[in-house]
Amino acid sequence: MTSRPQATQGMNRSGSLPATPPVTGASRLPALPIFEQVYEHGGMATIDRQATTLALAHALSAAERGLAVIPLSRTKLPALRSPHRDDPDPAGRPCHSECGRFGHGVYDASTDPVRIRELFAAAPRATGYGIACGLPPYHLIGVDLDTKSGTDSSAALRELALRHLFTIPETVVVLTPSGGRHLWLTGPPDTVVPNSAGRLAPGIDIRGAGGYLVGPGSRTDHGVYTAAPGTAGLAPASCPPSLLRLLLPPPRAPHPTRPAAGDHGQGLVQFVLAAHEGQRNTRLFWAACRAYENGIGPALADPLVAAARDTGLTEREARATIASAARLTGHRP
Ligand SMILES: [Zn+2]
């Protein structure tokens, strides 16, 4: 049976910030324990199917809050296998779902209930769901406080908070089966937080753009992920600015080599044009970073904006994303 680690008191209470006002119905979600109860009383014969049904129910509930989701297997990995697993792209540029099929990990993530049902129908062994980080509207940042290797990551975070003068706001906390905790924070729309492992402190991993968090209600080989008591209905709180600064990498030195602009730039524009809703901003950001790293950022800014507008982003959104890519790669927007 699953062990349910108790929430460590203190972290949420130490913050003096007021709770973030709820975002569109986020505070009125049906309690997750309803699903839990159904599961706990389920018979063993139907347990896998039931686990998939429950994972789908949780995933749809998360999507209602605006969180883009993908089905996960018991190992916490995306449940859908890559359609390119036997045929890796010889050009070296991986497909991020331009081919239109499922199986591109976090690039499959969606808030559309029809698409989510399709994803789960294609993944009959899914027992959980992942929540894509870095996407609108929340621009979710996951602070993953691990308990592996005997590190006290919660203490490490408190120490960082003291040293850098921020408080951990009251926010959604998800308890992991191994006794770890995920804090959900939101980032500003024009800043992309990269994934990192142990960069802040040992045992603290950050899930940002291109990463995902195991959603509450997910069942894995090690047990069930659950929302910490009293936090399931909260809206994710804003990441404190001084914590956000710690999450951003230092600007890189300008790239020494400058490949020809022609083909490379066109590929990046195509990459943006092929974006589904839900990945438009992530793709634009990725393409803009590559453009700046290769010295064609300024030249490609207008074509990228045009491509992004073609996918439905506004010019303002597109320019903000490109500016943020410029900053992150150490360039002036
Ligand atoms: Zn593909």
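Computed from a predicted model, the values in this text were never measured in an experiment.

**Regarding the overall build of the protein chain**
Phase 1: Each helix and strand in the protein chain was counted, giving 10 helices and 12 strands.
Phase 2: Burial status across the protein chain gives 43% buried among its 333 residues.

**Things to note about the environment of Val 269**
Phase 1: Of note, Val 269 is situated in helix 7 (residues 262–273).
Phase 2: Separated by 36 residues in sequence, Val 269 and Val 305 have C-alpha atoms that sit 9.1 Å apart.
Phase 3: Residue contacts for Val 269: discarding those within four places in its chain leaves Pro 303, Leu 304 and Ala 307.

**Some remarks on the packing of helix 9 (residues 297–310) against helix 10 (residues 315–328)**
Phase 1: For the pair helix 9 and helix 10, interaxial distance at closest approach is 9 Å and the crossing angle is 145°. The chirality of how helix 9 crosses helix 10 is right-handed. On helix 10, the residues touching Gly 297, Ala 301, Leu 304, Val 305, Ala 308 and Arg 309 of helix 9 are Glu 315, Ala 318, Arg 319, Ile 322 and Ala 326.
Phase 2: In terms of residue class, the contact of helix 9 with helix 10 is made up of seven nonpolar, one polar and three charged.

**A closer look at the pairing of strand 1 (residues 69–72)**
Phase 1: Residues Val 69 and Pro 71 point to one face of strand 1 and Ile 70 and Leu 72 to the other, with burial holding for every one of them.
Phase 2: Of the strand pairs in this sheet, strand 1 and strand 2 (residues 128–132) are connected by four bridges, and their pairing is antiparallel. From the neighbouring strand, Leu 72 faces strand 2, where its bridge partner is Gly 128.

**Considering the environment of Arg 332**
Phase 1: Structurally, Arg 332 can be placed in the segment after helix 10.
Phase 2: In this structure the C-alpha to C-alpha distance between Arg 332 and Tyr 292, which are 40 residues apart in sequence, comes to 9.7 Å.

**Topic: the nonpolar core**
Phase 1: Counting 85 residues, the largest nonpolar core has Val 69, Ile 141, Leu 284, Ala 288 and Leu 304 as the members making the most contacts within it.
Phase 2: If you count residues domain by domain, this core takes at least three from each of domain 1 (11–247) and domain 2 (262–328).

**Re the environment of Arg 85**
Phase 1: Summarising the element assignment, Arg 85 is placed in the loop between strand 1 and helix 4 (113–121).
Phase 2: Along the chain, Arg 85 and Gly 103 lie 18 residues apart, while their C-alpha atoms are 9.5 Å from each other.

**Description of the pairing of strand 7 (residues 204–207)**
Phase 1: Sheet analysis places strand 3 (residues 140–145) next to strand 7, joined by four bridges and oriented antiparallel. Paired with Leu 145 across the two strands is Ile 204, which belongs to strand 7.
Phase 2: Bridging between strand 6 (residues 196–197) and strand 7 involves two bridges; their strand directions are antiparallel. Paired with Ser 196 across the bridge in strand 7 is Ile 206.
Phase 3: Joining the antiparallel neighbours strand 6 and strand 7 is a turn of six residues, in which Gly 198 adopts a positive phi near 70°.

**Some remarks on helix 10**
Phase 1: The first and last C-alpha atoms of helix 10 sit 20 Å apart over 14 residues, in line with the 20 Å expected at 1.5 Å per residue.
Phase 2: For helix 10, the complete set of buried residues consists of Ala 318, Ala 320, Thr 321, Ile 322, Ser 324, Ala 325, Ala 326 and Leu 328.
Phase 3: Those residues of helix 10 hidden inside the fold are in contact with helix 8 (280–293) and helix 9.
Phase 4: Just downstream of helix 10, Gly 330 is the residue with a positive phi angle, here 80°.

**Some words on the packing of helix 8 against helix 9**
Phase 1: At their nearest, the axes of helix 8 and helix 9 sit 9 Å apart, and the two run at 165° to each other. If you check the angle between helix 8 and helix 9, you find them roughly antiparallel. At the point where helix 8 passes helix 9, the crossing takes the right-handed sense. In this structure, helix 8 uses Arg 280, Leu 284, Ala 287, Ala 288, Ala 291 and Tyr 292 to contact helix 9, whose residues at the interface are Gly 297, Leu 300, Leu 304 and Ala 308.
Phase 2: Of the residues in the contact of helix 8 with helix 9, the class split is eight nonpolar, one polar and one charged.

**Here's the deal with helix 9**
Phase 1: Taking 1.5 Å of rise per residue, 14 residues should cover 20 Å, and helix 9 covers 19 Å from first to last C-alpha, within 8% of that figure.
Phase 2: Where helix 9 is concerned, the buried positions are Gly 297, Leu 300, Ala 301, Leu 304, Val 305, Ala 307 and Ala 308.
Phase 3: Once helix 9 ends, the next one or two residues include Gly 312, with phi positive near 110°.

**Some remarks on the sheet that holds strand 8 (residues 212–214)**
Phase 1: Strands sit in the order 1-2-8 across an open sheet of three strands; the sheet is antiparallel. One side of each edge strand has no neighbouring strand; the edge strands of this open sheet are strand 1 and strand 8. On average, adjacent strands in this sheet sit at an angle of 35° to one another, irrespective of strand direction.
Phase 2: Note that strand 2 and strand 8 share three bridges and pair antiparallel.

**Some points on the confidence of the model for the protein chain**
Phase 1: Confidence in the prediction of the protein chain, expressed as mean pLDDT, is 81, and 79% of residues score 70 or more.
Phase 2: Note that residues 1–45 has pLDDT below 50 and, in this model, 56 contacts with residues that lie over four places away or in other chains.
Phase 3: Contacts for the low-pLDDT stretch residues 255–262, under 50 throughout, to residues beyond four places or in other chains number nine contacts.

**Looking at unusual backbone geometry**
Phase 1: Cis geometry is adopted by the peptide bond preceding Pro 137, which originates at Pro 136 and carries an omega value of 0°.
Phase 2: As for its placement among the helices and strands, Pro 137 is situated in the loop between strand 2 and strand 3.
Phase 3: Of note, Lys 76 is a non-glycine position whose phi angle comes to about 75°, a positive value.
Phase 4: Mapped onto the fold, Lys 76 is located in the loop between strand 1 and helix 4.
Phase 5: On the basis of neighbour count, Lys 76 is assigned to the partly exposed category, with 18 C-beta atoms found within 10 Å.
Phase 6: Backbone geometry places Leu 165, a non-glycine residue, at a positive phi of 60°.
Phase 7: Along the chain, the position of Leu 165 falls in the loop between helix 5 (153–163) and strand 4 (173–175).
Phase 8: Take Leu 165: there are 9 C-beta atoms within 10 Å of it, and that puts it in the exposed class.

The rules behind the values
- Residues numbered from 1 in each chain as written.
- Predicted model: local features only at pLDDT ≥ 70, side-chain atom pairs only at ≥ 80, totals over all residues.
- Helix = DSSP H or I, 4+ residues; strand = E, 2+ residues; numbered from the N terminus.
- Buried ≥ 20, exposed ≤ 12 C-beta atoms within 10 Å, placed from the backbone.
- Contact = placed C-beta atoms within 7 Å.
- Axes fitted to C-alpha atoms, helices over the stretch in contact; angles between N-to-C directions.
- Left-handed = near helix turned anticlockwise from the far one by under 90°.
- Nonpolar A, V, L, I, M, F, W, Y, C, P; charged D, E, K, R; others polar.
- Pairing = 2+ DSSP bridges.
- Core = buried A, V, L, I, M, F, W, Y, C linked by C-beta atoms within 7 Å.
- Domains from an automatic or database assignment.
- Expected span 1.5 Å × (residues − 1).
- Parallel < 35°, antiparallel > 145°, perpendicular 65-115°, else oblique.
- pLDDT = per-residue confidence, 0-100.

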